[in-house]
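Next come the chains, spelled out residue by residue.
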Amino acid sequence: MIGVRMSGPTRHRRIAALSTPALLAVLALVITFFRAPAAPPGMLPAAAASMTVAQAIATQTGVTGTVTGYVVGEPTAASTVKTSSFTGDTALALADSSTQTSTASMLYVQITSAYRSSFGLLTNPSRLRTQITVTGTLTPYFTPHAGLKSPTSMTAGGTSTTSPTTSPTTATPTSSSSTDTYYANALGKSGDSLKNALHTIISTGVTKLSYDGVWNALKVTDQDPNNSSNVILLYSGISRSKTLNGGDSGDWNREHVYAKSHGDFGTTAGPGTDLHHLRPEDVAVNALRDNKDFDSGGSAATGAPGNYTDSDSWEPRDAVKGDVARMIFYMAVRYEGDDGFADLEVNDSVSNNSNPYIGKVSKLLAWSAQDPPDSFEKNRNQVIYASYQHNRNPFIDHPEWVSSIFG
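I will try to describe carefully the structure that is included in this document. (Residues numbered from 1 in each chain as written. Predicted model: local features only at pLDDT ≥ 70, side-chain atom pairs only at ≥ 80, totals over all residues. Heavy atoms only, no water.)

**Description of unusual backbone geometry**
As a rule of thumb, non-glycine residues mostly have phi less than zero, and peptide bonds are mostly trans rather than cis.
Part 1 of the reasoning: Pro 144 follows Thr 143 through a cis peptide bond whose omega is 10°.
Part 2 of the reasoning: With an omega of 0°, the peptide bond between Gly 359 and Lys 360 qualifies as cis.
Part 3 of the reasoning: Note on placement: Lys 360 falls in the loop between strand 17 (357-358) and helix 11 (361-370).
Part 4 of the reasoning: In this model, Ser 150 sits at a positive phi of 50°, which is unusual for a non-glycine residue.
Part 5 of the reasoning: Note that Ser 150 resides in strand 6 (residues 147-156).
Part 6 of the reasoning: Accessibility expressed as a relative area gives 44% for Ser 150, which makes it partly exposed.
Part 7 of the reasoning: Although it is not a glycine, Asp 290 adopts a positive phi angle of roughly 55°. (Helix = DSSP H or I, 4+ residues; strand = E, 2+ residues; numbered from the N terminus. Buried < 20%, exposed > 50% of the residue type's maximum accessible area, 1.4 Å probe, protein only.)

Here it is in structure tokens:
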């Protein structure tokens, strides 16, 4: 082609004189010379887009691939993935959804030594439910489970680089850009620094409700999405008429998830009326829960299927275990003893009585990971922010912050 385009009568006459077969041969050589080289055997083309986890599971042929997914736990056997109490930094499970619980839909990823300090879940539990991108060999790991081994790149978020020595970015937030603006002074922090930043954010510009005002607010925040005349009761899960609020049998009343006697704040505007931990509940079930700490086990709770209780603890149903945990964690960050109320905290006890503590933190951590925020919880958080208190529960927007502060 270069020869065809050169100027000069002599060169032009020589090409014009070539026979048709000779010209075709020259063109074939030129095309062959400029054709992009094929990818080596066992390799995907360098420009290939990142795979989903489902695609990677279907491509267990020993090729090299790049996969983007959410960290959902630590695989310890072919059918076992831990979501808390991590035991090591050598493997993680990826899924296309941060809430995936089926191991069949997970890709088990080997973590080699270059990446363990940044991506191992024992060292970095805040990686749970965050998105990462990994490049490596797509081949069974924890045979016969689908896997990715010998990674050449692991990075946070949806993009990948090839240097294992590059520091990873902060765990990808799960919230929208608008709430990231709200949390701007907390992003990138961890531990006590994160807790202090969040305390300032969620304690600024807050509107405090009266205890009577809570009645009407709960009729909005906890409205049944399938019946606008009803509210959903927290522990029992029952949909009950908004008009049946009160103190009689068959009514619903205002449950303080962080028991008001733990710190003796009562129903005073502030912790006693904070919508982020007040929920509708059947009068009898509320009384049965009383001021107990949270733990697993006991006998089935009357009137609240899936809940269990004994003399000193309450176990909520699975569908709201995470909700309960995130409400408790919110209260422990929101009320730090600098506003005339007790410094509310979490511990690992179920014998806190009137002390400003509530437990068990080990169970709450596990429940938060087990039951991530759903649409009802997220909507509730937004309604409280937009229409009532004008602050947010950060652990609904960023569930990965739970382990950073309390883990």
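**Some thoughts on the packing of helix 10 (residues 321-334) against helix 11**
Part 1 of the reasoning: Two elements in contact, helix 10 and helix 11, have axes whose closest approach is 7 Å; the angle formed by their N-to-C orientations is 125°. Between helix 10 and helix 11, the angle falls in the class oblique. When the axes of helix 10 and helix 11 are compared, the crossing they make is left-handed. Facing helix 10, whose interface residues are Lys 321, Gly 322, Ala 325, Arg 326, Ile 328 and Phe 329, helix 11 presents Val 361, Leu 364, Leu 365, Trp 367, Ser 368 and Gln 370.
Part 2 of the reasoning: Its residues placed into classes, the contact of helix 10 with helix 11 shows 7 nonpolar, 3 polar and 2 charged. (Axes fitted to C-alpha atoms, helices over the stretch in contact; angles between N-to-C directions. Parallel < 35°, antiparallel > 145°, perpendicular 65-115°, else oblique. Left-handed = near helix turned anticlockwise from the far one by under 90°. Contact = heavy atoms within 4.5 Å. Nonpolar A, V, L, I, M, F, W, Y, C, P; charged D, E, K, R; others polar.)

**Considerations on the sheet that holds strand 7 (residues 223-224)**
Part 1 of the reasoning: Reading across from one edge, 7-8-9 is the order of the 3 strands in this open sheet, with antiparallel pairing throughout. The strands lining the two open edges of the sheet, one partner per strand, are strand 7 and strand 9 (239-241).
Part 2 of the reasoning: Here 2 bridges tie strand 7 to strand 8 (residues 227-232), and the two strands are oriented antiparallel to one another. Looking at strand 8, one finds that Gln 223 is bridged to Val 231. (Pairing = 2+ DSSP bridges.)

**Remarks on the nonpolar core**
Part 1 of the reasoning: Core analysis: the biggest nonpolar cluster contains 41 residues, and Leu 198, Phe 294, Ile 328, Phe 329, Val 346, Phe 395 and Phe 406 have the highest contact counts within it.
Part 2 of the reasoning: Of all the elements in the fold, those that place two or more residues in this core are helix 7 (191-202), helix 10, helix 11 and helix 14 (401-406).
Part 3 of the reasoning: Broken down by element, this core gets its largest block of residues, 9 residues, from helix 10.
Part 4 of the reasoning: Counting 23 residues, the second largest nonpolar core, distinct from the first, contains Ile 111, Leu 121, Leu 148 and Ala 369. (Core = buried A, V, L, I, M, F, W, Y, C linked by side-chain atoms within 4.5 Å.)

**Considerations on the environment of Thr 99**
Part 1 of the reasoning: Assignment of secondary structure puts Thr 99 in the loop between strand 3 (91-95) and strand 4 (107-110).
Part 2 of the reasoning: In this structure, the C-alpha to C-alpha distance between Thr 99 and Val 72, residues 27 residues apart in sequence, is 7.2 Å.
Part 3 of the reasoning: Contacts of Thr 99, omitting those with residues within four sequence positions, involve Arg 129 and Pro 372.
Part 4 of the reasoning: Side-chain polar atoms of Thr 99 contact the side chain of Ser 97, separated by 3.0 Å. (Polar contact = N/O pair within 3.5 Å; in protein donor to acceptor, adjacent residues only side chain to side chain.)

**Details of the layout of surface pockets**
Part 1 of the reasoning: Of the pockets and cavities examined, the largest pocket occupies roughly 590 Å³.
Part 2 of the reasoning: In terms of lining residues, the largest pocket is bounded by 32 residues, among which Leu 128, Ser 368, Ala 369, Pro 399 and Glu 400 are the most central.
Part 3 of the reasoning: Of all the secondary structure elements, the ones that give two or more residues to the lining of the largest pocket are helix 11, helix 13 (394-397) and helix 14.
Part 4 of the reasoning: At 5 residues, helix 11 tops the list of elements feeding residues into the lining of the largest pocket.
Part 5 of the reasoning: Class assignment of the residues belonging to the lining of the largest pocket gives a composition of 13 nonpolar, 14 polar and 5 charged. (1 Å grid on protein atoms, 1.4 Å probe; cavity = no way out; pocket = protein on both sides within 12 Å on 5 of 7 lines; lining within 4 Å. Points joined across faces, edges and corners; volume = space filled by probe spheres on them.)

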